[in-house]
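Summary of structural features
Residue strings, one per chain:
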Amino acid sequence: MARTDHETAAASTPRPPGRLYRAWDSDLAHAFRTSPVALVAGIVAVVIILAAALAPWIAPHDPFDPGSLVLMDGFTPPMTENEFTGNFYLLGTDDQGRDVFSAILYGARLSLFVGFSAVLFAMVLGVTLGLIAGYRGGWVDSLLMRIADVQLTFPSILIALLIFGVARGFIPPGYREAMAIWVLIVAIGLSDWVQYARVVRGATMVEKSKEYVQAARVIGAHPAKILARHILPNVMGPVLVIGTIGLALAIIAEATLSFLGVGVPPTQPSLGTLIRIGQGFLFSGEWWILLFPALALLALALSVNLLGDWLRDALNPRLR
Amino acid sequence: MLAYILRRLLQSVVVMMVVALVSFSLFRFVGDPVSTMLGQEATVADREALRERLGLNDPFVVQFADFVTRAVQGDFGISYRLQQPVTDLILSRLPATLELAAISGIFAFVLGLGLGVYTALKRRGWLSNAIMTASLIGVSLPTFLIGVLLIWIFAVELQWLPSFGRGEVVDLGWWRTGLLTPSGRASLVLPAVTLGLYQMTLIMRLVRAEMLEVLRADYIKFARARGLSDRAVNFGHALKNTLVPVITITGLQLGSIIAFAIITETVFQWPGVGALFINSVQFVDVPVMAAYLVLIALVFVVINLIVDLLYYVVDPRLRADRGAAGH
C-alpha cells in the first residue's frame, strides 16, 4: 500500500525523485527498516566496521608502538585506575600494559581486512568460473563441477588450513612472515569459491537460454561481453547473499587459523591472535584480556551472519 | 548400480592421486632434501651419491610412482623437526585423536538424538524453546571459542576438570588409552564436549526436523488411530523412519570431527595427530605435512565412499530413482 502511495505521489510531482530517495524507497530498504533483527545487526556491524576502519584515529593508544607502552600499567583491570600510575583503561591492559580496547580495534581492522579480501577473492574466482562453466558447458563445466564436488566433501576450514600449510611450504623462509596475510587471504578464499561457482553456474544456465542473451549473441557480441554486461548483473543477487554470510565465515576462519598460530604473524595480532594470547592469562585471573576480544569477534561474526540471513530472506521472492 | 560403484571408486582414486601429487610436490620442491639431510659439511660427491640413492635424478613420473609406492606401504620418510619416521609419529598419536573423535561422536549422536526427539515431541514446551535458542548460539560460536570458554568455566573457575593433556594413560600394546584411568577420563570430558557440540546441535536440529515431518505422515495418524501407545508410535514408527538420513549425516560428520580435532587438540594441548599437524605447519616440517594430507584425504574419501554406498543398501527408493533417471 505504502509503495503505491509513493509512486502516485512521485508521478504527480514534476521533479523525479533523486537516486538517494529511490534507494531509500526500494523494497530492500523497506524490508531492512521494518526488520528489528536486521536493524540491530546492521548497526552493530556498521559500528564495528567503522571503529575498525578508523582505528588509528579513535584508538586511545597505539598498541604496537613499544615506545608508548608503560610496563607499570600491566594487568590493569577494566574500568579502573591503575594502582601505581593512576592511568585509566576502558577495557584494561595486558601483561605489558597494552590497552586491550586499542588492541581490539586494530585486531578487528586486520580481521575485517582479511575477511573482506578473502571474500572478494573467492567471489571473483567463483563468479568467473561459474559464469564460464554455466555458459560454455561441456567438459569445462564437468571438470569445474567435479572439482567443486570433491572440495565440498571437505570442511572449508580444513581446506584453508591445508592450502595455508602447502603455500607456506613453497614460500622461501625469508618471506613467510611478510607474505602470511596474503597467503591467508588466498587460502580462505580458495576454500570458499565453490559456493559462488555453483550458484552462478546454475543461474547462468537459466539466463543463457533467455531471449536477451540470444539477441546479444545474434548481434555478434563477444561471449566475454555477454557474460560481463548482460548475464552478470542478473545473477548477482544470490552472490551478494553468499558473500555476506561468507564474510562471517571468513572472519571466523581467519580467527581460527590465527588462534591456532598459523594465521597472521604475531607482530600484527588479529582478533583470533588476541584470544590466543588472552587464553594464557586465564589461569592467573586476568579474564578481560580474553573476554573482550572474544566478545568483539562474536558480535562481529554474529551480526554479519544475521545480516546475511536477513538478506537471503529479503531477496528470495518465494519467502516474501 | 555396479556402474555407479565403479564410477565412485574411480573418483575416489582420482582424488587420492591428486592429493598424493600435491603432497609429493611439497616433498620434492620445498627446500632441498639433500641439504636438509646432509647439512653444510658434505662434499659434492656425497651430495651426488645421496641424490642418486634417493632417486632424485630420476624423471618426475618415476619419482612420483616411487612416492606413491612407498606411501601405500606407509613410508613417508623422516620428520625434519623431530628426526623420527613420520609413520611412527602419526601412529603413536593416532590413538589419542581416535579416542577423542569416537567419544565426541558418541556424545554428539546420543545427546543430539535425545534432544532432537524431545524438542520434536514437546514442540511448544519452554524447555524445547530454550534448547533451540541455545543451539543457535552453539552453532554461531567458533569451535576454539567454545573450548576456551569451557576451560574458563570448568577448569579455571570451578576447577572440576583438567584443561590440558590426556591425564594418565595405560599402554595396551601399541595403543595408549586414556579411557582406563580416572584422570584420563576426566581429561577427555572438555575436549570431547568442545569437539562434539557443533555436531550435536546439527544432529539435534536434523532429528527434530525429520521427526516433525514424519509425525505428520498418514501412517503415524493411522498408528494412533489403531490405539497404539504413544511410546510405540513415537519410537517404534516415527523415530525408526527418521534414522536413515540421521545416520548418513552423522557418518559424514565423522570426517568433520576428525578435521575439527585439529582445533580442539590445539586448545587443550591434546597429544593427537591434529596438534602434530599444526606444529608441522608452523615449522614447515614437510614430511609430516605431506603424510597428514594423504591421511586426512584417505579418511574423507573412505567415509564418503562408505556413506554413498550405504545409501543404496539402506534405501531401496534411491536405487529405483537412480535407475529410472539414469537409464
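All values derive from a computational prediction rather than experimental measurement.

Thoughts on the overall build of chain B
- Regarding its fold elements, chain B presents 13 helices and two strands.
- Its C-alpha atoms give chain B principal-axis dimensions of roughly 90 × 65 × 35 Å.
- Among the 327 residues that make up chain B, the fraction classed as buried is 37%.
- If you take every contact in chain B between residues at least 6 apart in sequence, the share linking residues at least 24 apart comes to 70%.

Some points on the overall build of chain A
- Tallying secondary structure elements over chain A gives 14 helices and two strands in all.
- A burial count over chain A gives 45% of its 320 residues as buried.
- Of all intrachain contacts in chain A linking residues separated by at least 6 positions in sequence, the fraction that spans at least 24 positions is 68%.

Re the nonpolar core
Residue and element names in this part refer to chain A.
- Ranked by size, the top nonpolar core spans 171 residues in total, and within it Leu184 and Tyr196 carry the most contacts.
- If one sorts the elements of this core by residue count, helix H6 (residues 100–136) sits on top with 21 residues.
- Here leucine 184 is in contact with Val114, Phe164, Glu254, Leu257, Gly263 and Val264, once residues within four sequence places are set aside.

Structural notes on the interface of chain B and chain A
- Across the contact, 28 residues belong to chain B and 29 residues belong to chain A.
- Counting only elements with at least two residues in the side of chain B that touches chain A, the list comes to helix H1 (2–29), helix H7 (143–157), helix H10 (230–267), helix H11 (273–282) and helix H12 (286–314) of chain B.
- Across the side of chain B that touches chain A, the residue classes break down as 23 nonpolar, five polar and no charged.

Considerations on the packing of H6 of chain A against helix H13 (residues 271–279) of chain A
Residue and element names in this part refer to chain A.
- Orientation of H6 relative to H13, taken along the N-to-C sense of each, is 135°, at an axis distance of 7 Å. One finds that H6 runs oblique with respect to H13. Between H6 and H13, the residues in contact are Ala103, Ile104, Gly107, Ala108 and Ser111 and Leu271, Thr273 and Leu274, respectively.
- For the contact of H6 with H13, the residue count by class is five nonpolar, three polar and no charged.

Some thoughts on unusual backbone geometry
Residues and elements named next belong to chain B.
- Look at glutamine 159: it is not a glycine, yet its phi comes out positive at around 55°.
- Relative to the elements of secondary structure, glutamine 159 occurs in the loop between H7 and strand E1 (170–172).
- Taking the C-beta count within 10 Å as the criterion, glutamine 159 has 9 such neighbours and is therefore assigned exposed.

A look at the confidence of the model for chain A
Residue and element names in this part refer to chain A.
- In the predicted model, chain A carries a mean pLDDT of 81, and the fraction of residues at 70 or more is 87%.
- Here helix H1 (residues 2–12) stands out as the element of chain A with the lowest mean pLDDT, 47, in contrast to H6, whose mean of 91 is the highest.
- Predicted confidence for residues 1–12 stays below pLDDT 50, and this span has two contacts to residues more than four positions away or in other chains.

Considerations on the confidence of the model for chain B
Residues and elements named next belong to chain B.
- Across chain B, the average pLDDT comes to 80, with 91% of residues at or above 70.
- When pLDDT is averaged over each element of chain B, helix H5 (residues 86–121) comes out on top at 88 and helix H13 (residues 316–326) at the bottom at 52.
- The complex prediction reports pTM at 0.81, with the ipTM value standing at 0.77.

Here is what the cut-offs are and how they apply
- Residues numbered from 1 in each chain as written.
- Chains lettered and ligands numbered in written order.
- Predicted model: local features only at pLDDT ≥ 70, side-chain atom pairs only at ≥ 80, totals over all residues.
- Helix = DSSP H or I, 4+ residues; strand = E, 2+ residues; numbered from the N terminus.
- Buried ≥ 20, exposed ≤ 12 C-beta atoms within 10 Å, placed from the backbone.
- Contact = placed C-beta atoms within 7 Å.
- Core = buried A, V, L, I, M, F, W, Y, C linked by C-beta atoms within 7 Å.
- Nonpolar A, V, L, I, M, F, W, Y, C, P; charged D, E, K, R; others polar.
- Axes fitted to C-alpha atoms, helices over the stretch in contact; angles between N-to-C directions.
- Parallel < 35°, antiparallel > 145°, perpendicular 65-115°, else oblique.
- pLDDT = per-residue confidence, 0-100.

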